[in-house]
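Here is what each chain is made of, one letter per residue.
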Amino acid sequence: MNMEIRKTEERDLPEVLAIYRYARTFMREHGNPRQWGDKWPPEALIREDIRRGKSYVCEADGRVEATFFYDEGENVEPAYSVIDGSFTGPARYGVVHRIAASENGHGAGSFCVNWAVSQCGNLRIDTHPDNLIMQHMLQKNGFRYCGIVHIPEDDDPRYAYEKVVRCGERYYLKNELLTRYHDKEWGKPEHDEQKLYEMFVLELFQAGVSWELLLRKRENFRSAFDNFDAEKIAAYGPEKIDALMQDPGIIRNRRKIEAAIGNARVVLKLREEFGSFSNYLWHFTENRSIPERMDAVTDQLSDDVSKDMKKRGIRFAGSVTVFSFLQAVGILYCHDPECLCFHRDHAETFAQNHYQPENRVSGGRNDR
Ligand SMILES: [Zn+2]
């Protein structure tokens, strides 16, 4: 069967109402008489869903076989703000309500929820404790039970479920710290001068140690390195280096500390030449995020940026380190299209981008 999801239109209303009538009968006959009773969802609500563009139908071989409400956004379902239990995904999520399939719609329910997951990477949904069929369908599709919520329509509790899709299970999601970093920072196209510089310094220290260790020491780095103020770091002298070498909170590696100071001086020059460190970094791609494989280690862009950085006197700027840095700040965009971050970043707009070395307006042209 060839199934496809589209928005519900006015003309679909008779079929949609028929599906809900069938679903209420089916639920009543299968031990779940209370979830929708005799008249939920009311026609006025369905019409409102359609008007708002939040109602969808599943067509199978051209016939409407299922329908549901879908919406997404920051805390999009107020009823889920209180839960006896916990959701684990971030606050931006999608939600499905009022899902029902026709008598012929075998597999249409799964198809609909999987479509909804593919829209947001982070889907929440609830069902009645008596709706064993729905609970089974959700579990079969990889949803996790999160706890009990209450909805405004009636006093019965509802079981809440979520499905959270993240890329990089192998690389970044070993624990909560790394997961939070993945969700909130890694790969997000970054233009903030301070933030870019902080990541740049951390990447330098990362060479040879784990990123997780760096994240754990990050606050210590912030206080030891004057909150990553490039001007202050550029002025560090021998006593400050000695003091840093005594600081057990950071990574005590003299070569890296000296490189960080030297690099800060280059960053100040870049700010003079390009207006900001951000302008310098983004000019290589003309301000675009370039899609790249997460498991790559270097590419043409990182080779070119590395070469340019080295020419300007930046140390620890090998292509591997530069690649990792460009990934972290979203100049190379590596979130998987299934990942909740990809949806958050509206990454479809990146899909047309490819790195072309000739895009650069200056720098690195006379390398060869
Ligand atoms: Zn991701």
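All of these numbers come straight from a predicted model, not from anything done at the bench.

Definitions and cut-offs
Residues numbered from 1 in each chain as written. Predicted model: local features only at pLDDT ≥ 70, side-chain atom pairs only at ≥ 80, totals over all residues. Core = buried A, V, L, I, M, F, W, Y, C linked by C-beta atoms within 7 Å. Buried ≥ 20, exposed ≤ 12 C-beta atoms within 10 Å, placed from the backbone. Helix = DSSP H or I, 4+ residues; strand = E, 2+ residues; numbered from the N terminus. Axes fitted to C-alpha atoms, helices over the stretch in contact; angles between N-to-C directions. Parallel < 35°, antiparallel > 145°, perpendicular 65-115°, else oblique. Left-handed = near helix turned anticlockwise from the far one by under 90°. Contact = placed C-beta atoms within 7 Å. Nonpolar A, V, L, I, M, F, W, Y, C, P; charged D, E, K, R; others polar. Domains from an automatic or database assignment. Pairing = 2+ DSSP bridges.

1. Things to note about the nonpolar core
Right, on to step 1. Ranked by internal contacts, the top residues of the largest apolar core, which has 49 residues, are A66, F68, V96 and C112.
Right, on to step 2. In terms of residue count, helix 3 (residues 108–120) provides more of this core than any other element does, seven residues in total.
Right, on to step 3. M199, F200, L244 and C334 belong to the second-largest nonpolar core, a separate cluster that totals 43 residues.

2. Let's talk about unusual backbone geometry
Right, on to step 1. The omega torsion across W40 and P41 is -5°, close enough to zero to call that bond cis.
Right, on to step 2. Within the secondary structure, P41 is located in the loop between helix 1 (13–29) and helix 2 (43–51).
Right, on to step 3. Located in the positive-phi region is D61, a residue other than glycine, with phi close to 45°.
Right, on to step 4. Considering the arrangement of structural elements, one finds D61 in the loop between strand 2 (55–60) and strand 3 (63–74).
Right, on to step 5. One non-glycine residue, N75, lies in positive phi territory at about 45°.

3. Digging into the packing of helix 6 (residues 193–206) against helix 11 (residues 254–274)
Right, on to step 1. Where helix 6 contacts helix 11, the two axes come as close as 10 Å, and the packing angle between them is 150°. In terms of orientation, helix 6 and helix 11 fall into the roughly antiparallel class. The handedness of the crossing between helix 6 and helix 11 comes out as right-handed. Between helix 6, through Y197, V201, L204 and F205, and helix 11, the contact on the second element is made entirely by K256, A259, A260, N263 and V267.
Right, on to step 2. A breakdown of the residues in the contact of helix 6 with helix 11 according to their chemical character gives seven nonpolar, one polar and one charged.

4. What to know about the environment of W282
Right, on to step 1. Relative to the helices and strands, W282 is located in helix 12 (residues 277–283).
Right, on to step 2. Residue class for W282 comes out buried when judged on the 21 C-beta atoms lying within 10 Å of it.
Right, on to step 3. Each C-alpha atom of the pair W282 and H191 lies 8.4 Å from the other, and the pair is 91 residues apart in sequence.
Right, on to step 4. Setting aside its immediate chain neighbours within four residues, W282 contacts N287 and I331.

5. Here's the deal with the domain arrangement of the protein
Right, on to step 1. In terms of domains, the protein is made up of domain 1 (3–164) and domain 2 (176–359).
Right, on to step 2. Using only C-alpha atoms to locate each centre, domain 1 and domain 2 end up separated by 42 Å.
Right, on to step 3. Listed per partner, the contact involves eight residues of domain 1 and seven residues of domain 2.
Right, on to step 4. Looking at the side of domain 1 that touches domain 2 residue by residue, the classes come out as three nonpolar, four polar and one charged.

6. Let's talk about the sheet that holds strand 1 (residues 3–7)
Right, on to step 1. A sheet is described by the order of its strands in space; here eight strands give the open sequence 1-2-3-5-6-8-7-4, paired in mixed fashion. This sheet does not close on itself; its edge strands, each paired only once, are strand 1 and strand 4 (84–85).
Right, on to step 2. The pairing of strand 4 with strand 7 (residues 144–150) spans two bridges and is classified as antiparallel. Bridge pairing links D84 to I148 in strand 7.
Right, on to step 3. Along the sheet face, helix 3 touches strand 1, strand 2, strand 3, strand 5 (92–101), strand 6 (122–127) and strand 8 (157–164) and points at about 165° away from the line of strand 5.

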